[in-house]
Amino acid sequence: MSAQILDGKATAAAIKSDLTVRVAALKEQGITPGLGTVLVGDDAASQKYVAGKHRDCAQVGIASIQRHLPATATQEEIEAVVRELNEDPTCTGYIVQLPLPKGIDENRILELMDPAKDADGLHPTNLGRLVLNEPAPLPCTPNGVITLLRAHGVEINGAEVVVVGRGVTIGRPMPLILTRRSENATVTQCHTGTRDLSAHLRNADIIVAAAGVPHLIKPEDVKPGAAVLDVGVSRNGEGKILGDVDPGVAEVAGWISPNPGGVGPMTRAQLLVNVVEAAERAAAAL
Ligand SMILES: Nc1nc2c(c(=O)[nH]1)N[C@@H](CN(C=O)c1ccc(C(=O)N[C@@H](CCC(=O)O)C(=O)O)cc1)CN2
């Protein structure tokens, strides 16, 4: 293996250590940040992610508010929990864990959230603010990708970036962040309708693979020295994670994010950043 590792675990640990100090300072001003989570159903991966988010909260001193509804919960029942968290003063920010069970109108749930409490940056108002270049909480995984690259000194300015995928949590917001003046990358967005994915990938300085197709990105698709971020999560029969990136890519790439241990821990760390930043804004307004 020749690629250097984009170490999400270590980078996330450094972020959490900084946040611990900031949370303590907020508490001295009488503000305790509280993260709420809404989990619907019994998907094992979602349960694991949510448990991880609350473990992180405990580590940095953020209070936890957990709402777990059965897979049979109706649209109205989920909306009632969202309304309750909108009103709960101890909940300074919250997320609705995605995906929601089939039959639930996910967009309607996101739209119902108080945008000021949207810790995921996925409320239409906050995504709109991102489009308009206004301050907003940023979606956690794309922001985690940027922070991970910066922490390892990978040049984003002027880079040719290919984003593979167009889902709401990563693929849609990722190019919006990468093309801000502060990042200044040139982005090509690829998806299942892309005719020659390999031709685009071979031109990329940075690849963000978020397609959810196991080992989609092969060594021959990657320009030598490129940075490759593996954001895809599929699972084999034993529940082991299969990323979007073929293991052989590590022989060609200059940088690679492991999966697990790369972008996943960064997603969780950026969520905490959003919660603390919202609480700091509230403290400044006092
Ligand atoms: N409301 C949201 N839903 C979902 C999001 C999101 O950002 N907001 N993203 C993903 C899931 N996700 C966060 O919720 C998430 C994914 C992965 C990890 C993580 O730490 N992964 C570990 C491996 C864990 C394992 O073994 O399964 C790693 O990569 O090292 C955290 C959060 C979809 N839904």
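Given the structure is predicted, the values throughout are model-derived calculations rather than measurements. (Residues numbered from 1 in each chain as written. Predicted model: local features only at pLDDT ≥ 70, side-chain atom pairs only at ≥ 80, totals over all residues. Heavy atoms only, no water.)

### Side note on the domain arrangement of the protein chain
Under the convention used in this document: Reported domain spans reflect what an automatic or database domain assignment gives.
According to the domain assignment, the protein chain contains domain 1 (30-114) and domain 2 (140-264). A C-alpha centroid distance of 28 Å is found between domain 1 and domain 2.

### Quick look at the layout of surface pockets
Here is the rule we go by: A 1.4 Å probe that fits but cannot get out identifies a cavity on a 1 Å grid over protein atoms alone, an open set with protein on both sides within 12 Å along at least five of seven lines counts as a pocket, and a residue lines either if it has an atom within 4 Å of a point. Grid points are joined across faces, edges and corners, and a volume is the space filled by probe spheres set on the points. In this text, helices come from DSSP runs of H or I with a minimum length of four residues, and strands from runs of E with a minimum of two, each type numbered from the N-terminal end. Each residue gets one label: Ala, Val, Leu, Ile, Met, Phe, Trp, Tyr, Cys and Pro are nonpolar, Asp, Glu, Lys and Arg are charged, and the others, such as Gly, are polar.
Of the voids in this model, the second largest pocket is the one considered here, and its volume is about 390 Å³. If you go around the second largest pocket, you meet 22 residues; those closest to its centre are Ala116, Lys117, Ala278, Ala279 and Arg281. Taken together, the elements giving at least two residues each to the lining of the second largest pocket come down to α5 (124-131) and α9 (263-284). Element by element, the count of residues in the lining of the second largest pocket is highest for α9, at seven residues. Among the residues forming the lining of the second largest pocket, the class breakdown is 11 nonpolar, five polar and six charged.

### Some thoughts on the nonpolar core
Let me state the cut-off plainly: As used here, the term nonpolar core means buried Ala, Val, Leu, Ile, Met, Phe, Trp, Tyr and Cys residues forming a set that is joined through side-chain atoms within 4.5 Å. Residue exposure (1.4 Å probe, protein chains only): buried if accessible area is under 20% of the type maximum, exposed if over 50%, otherwise partly exposed. The contact criterion used is simple: two residues touch if any of their non-hydrogen atoms lie within 4.5 Å.
Core analysis: the biggest nonpolar cluster contains 47 residues, and Ile62, Leu149, Ile206, Val208 and Leu229 have the highest contact counts within it. Sorting the residues of this core by element identifies α1 (8-28), α2 (44-60), α6 (140-151), β5 (160-164), α7 (173-178), β7 (206-209), β8 (227-230) and α9 as the ones contributing at least two each. Sorting elements by how many residues they give to this core places α9 first, with 10 residues. The residue makeup of this core includes at least three contributed by each of domain 1 (30-114) and domain 2 (140-264). Residues within four places of Val208 in sequence aside, it is in contact with Val145, Val161, Val162, Val163, Val164, Met174, Leu229 and Val231. If you look at the next biggest cluster of nonpolar residues, it comprises 19 residues, including Ile65, Ile78, Met113 and Leu122.

### A closer look at the pattern of salt bridges
Side chains that differ in charge, positive against negative, can pair when their charged atoms come close. The condition is simple: The rule for a salt bridge is simple: a side-chain nitrogen of Lys or Arg has to be within 4 Å of a carboxyl oxygen of Asp or Glu.
Within the structure shown, the criterion is met by 10 salt bridges. In this structure, the salt-bridge partner of Lys16 is Asp56, at a minimum N-O distance of 3.1 Å. Taken as a pair, Lys16 in helix α1 and Asp56 in helix α2 lie far apart in primary sequence, 40 residues in all. By relative accessible area, Lys16 is classed as buried at 15%. Here Asp56 falls in the buried class, since its relative accessible area comes to 2%. Taking the shortest distance from any N to any O, the salt bridge between Lys218 and Asp246 comes out at 3.5 Å. With a gap of 28 residues between them, Lys218 in the loop between β7 and β8 and Asp246 in the loop between β10 (241-242) and β11 (255-256) connect regions that are remote in the sequence. By relative accessible area, Asp246 is classed as buried at 18%.

### Some words on the sheet that holds strand β4 (residues 93-96)
Put simply, the rule reads: Any two strands are treated as partners once DSSP identifies two or more bridges connecting them. Each axis is a line fitted through C-alpha atoms, taken for helices only over the stretch in contact, and angles between the N-to-C directions span 0 to 180 degrees.
Taken in spatial order, the three strands line up as β3-β2-β4 in an open sheet, and their pairing is parallel. Edge positions in the sheet fall to β3 (63-69) and β4, since each has one partner strand and no second. Neighbouring strand axes in the sheet, compared pairwise and without regard to direction, differ in orientation by 15 degrees on average. Pairing geometry for strand β2 (residues 34-40) and β3, over seven bridges, is parallel. By the bridge assignment, Leu35 is partnered in β3 with Ser64. Helix α3 (residues 75-87) rests against β2, β3 and β4 of the sheet, and its axis sits at about 165 degrees to β3.

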